[in-house]
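# Observations on chain architecture
If you want the building blocks of each chain, they are given just below.
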Amino acid sequence: MNKGDLVKIDGEKGWADLEGLGVRMPEEVRDMLFNRVRGLNNPEEWGKFKRAYMAYHRFFKITAMLTPGFIVRNAYTAAMNNLVAGVTLAETRAGIKFAYKASREGLDAALKSVPKKDRQLFETAYRAVLATGGGQTVDDLLYPVIKGRGASYLEKRPVRNWIQANEATESAVRMGTALHALNTGADLDGAAALITRYHFNYSDMSTLDEFAKQFVPFWTFATRNIPLQIVNQVARPSVYRAYESLQRNFPVEEGTVLPPWLAARGPLGLAIVTGK
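Since this is a predicted model, take the numbers as computed values, not measurements.

### A look at the nonpolar core
One broad trend across soluble globular proteins is that nonpolar side chains are buried collectively. If you look at the biggest cluster of nonpolar residues, it comprises 31 residues, and the most contacted ones within it are Phe 98, Phe 122, Ala 125, Met 175, Ala 178, Ala 191 and Tyr 198. Looking at this core, the elements that each hand over two or more residues are helix 4 (68-85), helix 5 (89-105), helix 6 (107-112), helix 7 (119-131), helix 9 (157-183), helix 10 (188-199), helix 12 (219-235) and helix 13 (237-249). Counting residues per element, this core draws most heavily on helix 9, which supplies six residues.

Structure representation (C-alpha cells):
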C-alpha cells in the first residue's frame, strides 16, 4: 500500500460479521452509515474526506504540541525510561549539562567544557544521539506541517523557540543514555541501539508507520512506548513499584477538584499547601 492509496471498505461484510455476534442497530442508522461508507469507496469522495481529516489532524497535533506541558511530559517520560535503563543520576546530570551547552553554543564549546580526558567519551555519546534521529519534534510536528501547506509556520519565532526547546530536551535525555551505554562497555553502535530502545528513532519508519502516522496522532510514540512499558515492567519491576509507592504516599489532597480522567490516573500530590 502506498501513501494516499484508496482504502477499500466493505461495510456490508463488516456489519454481517458484527450481526453474527448479536450486535444490532436501528435500520435507519444502518442505512445512513452504509451510505457514507459506500461514498468513501468513490475516489472523489475519499479525497474530500481525507483533505478535511488531514486539516483537522494537523491542527490538533500542532496545538497539542506547542505547549510547555508537552515538553514537560517528554522530559518526565524520558527520565522514567532512563531510570529503567539503569542510567545513573551522575550520567543524567552530565548529559543534560552537555546537551544544553551544545544546543546553545555548539559542539566545540560543549566539548571544551568537559575535562580533556572525557572529551572522546562525550563526543562519541553525542554522535550516538545524532544517529538516532531528531525525536518527536521531527516526527509529530515537522512532518504534518511540511507535508501540508504550512511550512512558513515554522519560521515564526515562538514556533522556532519551541522546536529548539524540545530538541534540547530530547538531546539531553538521550545524552545520558548514551553516556551510560559507553560507560558500561558499549561502542557507538551499542549506544545508538540503547537510545533507540528506550527513546526511539523517529526517522526509522516502516511503510506502515509512514502511512498510519498521517491519520493517527502520535502513532510512532504510542506504538513504540506501549510495548516498551510492558517489557520494562517485567524486566525492571522495582522502578515501577517505587513509583506506585510514591502515588500511595503522596496522594492529591482530599477535596482537590480534578477532571475524572486525571483523578483515575492517581496523580502525585507534591505541591506544598500554604495558608492553613
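Right, picking up where we left off after that structure.
### Observations concerning the environment of Val 87
Inspection of the secondary structure puts Val 87 in the loop between helix 4 and helix 5. Ignoring sequence-local partners within four residues, the contact set of Val 87 consists of Asn 82, Thr 92, Gly 176, Thr 177 and His 180.

### A few points about the packing of aromatic side chains
For the coordinates displayed, the defined rule picks out five aromatic pairs. Pairing Phe 49 with Tyr 53 gives two aromatic rings, centres 6.3 Å apart and planes at 20°, and the pair type is stacked. In this pair, Phe 49 and Tyr 53 both sit in helix 3 (residues 43-65), four residues apart, roughly one turn of the helix. Judged by its relative accessible area of 40%, Phe 49 falls in the partly exposed class. A relative accessible area of 29% means that Tyr 53 is categorised as partly exposed. Between the aromatic rings of Phe 98 and Phe 122, the centroid separation amounts to 5.2 Å while the plane-to-plane angle is 40°, which identifies the pairing as tilted. In this pair, Phe 98 sits in helix 5 while Phe 122 sits in helix 7, placing the two residues 24 residues apart along the sequence. Its relative accessible area of 8% is what places Phe 122 among the buried residues. Following the ring pairs from residue to residue traces out a cluster consisting of Phe 98, Phe 122 and Tyr 126.

Reading the values: the criteria
- Residues numbered from 1 in each chain as written.
- Predicted model: local features only at pLDDT ≥ 70, side-chain atom pairs only at ≥ 80, totals over all residues.
- Heavy atoms only, no water.
- Core = buried A, V, L, I, M, F, W, Y, C linked by side-chain atoms within 4.5 Å.
- Buried < 20%, exposed > 50% of the residue type's maximum accessible area, 1.4 Å probe, protein only.
- Helix = DSSP H or I, 4+ residues; strand = E, 2+ residues; numbered from the N terminus.
- Contact = heavy atoms within 4.5 Å.
- Phe/Tyr/Trp six-rings, centres within 6.5 Å; stacked < 30°, edge-to-face > 60°.

By themselves, these observations are geometric and do not establish any function.
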